[in-house]
Amino acid sequence: MTYLTNGPEETEALGERLARRLEAGAVVAYTGDLGAGKTAFTRGLARGLGIEDAVTSPTYTIVNEYPGKIPLFHFDMYRLSSSEDLFDIGWEDYLARGGVIAVEWSERVEDVLEDALKVVIHRDPECDDGRCITIEGGEAYADLSL
Ligand code: ADP
Ligand code: MG
């Protein structure tokens, strides 16, 4: 299902709606360029999980952890060269902790994320604040409309 958002608030709102459907252990894998809105969407995920901490980009830290009833683990794979690096930082431990895992630059570690829910974000070439967001999770996510 594809959604159109016009501005970061709408992208956050979509993330928030998605989060309400997610169960512990869900992995959300983003595809989308720098500035697409992956971190904005993750802010919404956090809100939907009832997390009040401010979500910031994990670009330099690789992973940011947000505690909650269902915790959020927000990864950025931009600086990883392969999925081997991911296992070195304890990926399997994160999977076992019963959180929601959101992964920016998931294409870097595609082989590890085959079963993840894919969220693909494209900019609208005609509108600065327009984004086309496709959630590839089938019918379960088909009516998240704004
Ligand atoms: P990424 O994590 O993909 O690099 P960010 O979420 O950090 O992207 O940044 C997205 C940027 O694009 C922000 O500056 C935000 O204000 C802007 N923006 C404009 N329109 C949208 C939109 N519809 N959805 C998300 N972000 C948007
Ligand atoms: Mg980001």
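Residues numbered from 1 in each chain as written. Chains lettered and ligands numbered in written order. Predicted model: local features only at pLDDT ≥ 70, side-chain atom pairs only at ≥ 80, totals over all residues. Heavy atoms only, no water.

**Q** Lay out the sheet that holds strand E6 (residues 117–123) in plain terms, naming residues and giving numbers.
**A** Ordered by their spatial adjacency, seven strands build an open sheet running E1-E7-E6-E2-E5-E4-E3, and the pairing between neighbours is mixed. Edge strands, defined here as strands with exactly one partner in the open sheet, are strand E1 (2–6) and strand E3 (63–66). For this sheet the average axis-to-axis angle between neighbouring strands, irrespective of direction, equals 20 degrees. Examined bridge by bridge, strand E4 (residues 72–76) and strand E5 (residues 100–104) share five bridges and lie parallel to one another. Residue pairing in the sheet places His-74 in a bridge with Ala-102 of E5. Each of E1, E6 and strand E7 (130–136) touches helix H1 (residues 8–19); the most contacted strand, E1, lies at about 140 degrees to it. (Pairing = 2+ DSSP bridges. Helix = DSSP H or I, 4+ residues; strand = E, 2+ residues; numbered from the N terminus. Axes fitted to C-alpha atoms, helices over the stretch in contact; angles between N-to-C directions. Contact = heavy atoms within 4.5 Å.)

**Q** Outline the coordination of the magnesium ion (ligand 2), listing residues and values.
**A** Protein ligation of the magnesium ion (ligand 2) involves Thr-39 (OG1) and Glu-104 (OE), the donor distances falling in the range 2.2 Å. Residue Thr-39 is located in helix H2 (residues 38–48), and its partner Glu-104 is located in strand E5; the two are separated by 65 residues in the primary sequence. Of the two residues, Thr-39 and Glu-104, both sit in the buried class. (Donors = N, O, S within 2.8 Å, 3.2 Å for Na, K, Ca; no water. Buried < 20%, exposed > 50% of the residue type's maximum accessible area, 1.4 Å probe, protein only.)

**Q** Outline the packing of aromatic side chains, listing residues and values.
**A** One pass over the structure, following the stated rule, counts five aromatic pairs. Taking 5.6 Å as the distance between ring centres and 80 degrees as the angle between the ring planes, the aromatic pair formed by Tyr-30 and Phe-41 counts as edge-to-face. Note that Tyr-30 is positioned in strand E2 (residues 27–31) and Phe-41 in helix H2, a separation of 11 residues in sequence. Neither Tyr-30 nor Phe-41 differs from the other in exposure class; each is buried. Members of the aromatic cluster, each reached through a chain of ring pairs, are Phe-73, Phe-75, Trp-91 and Tyr-94. Sitting over the face of the ring of Tyr-78, Arg-108 holds its NZ or CZ atom 4.8 Å from the ring centroid. (Phe/Tyr/Trp six-rings, centres within 6.5 Å; stacked < 30°, edge-to-face > 60°. Lys NZ or Arg CZ within 6 Å of the ring centre and 35° of its normal.)

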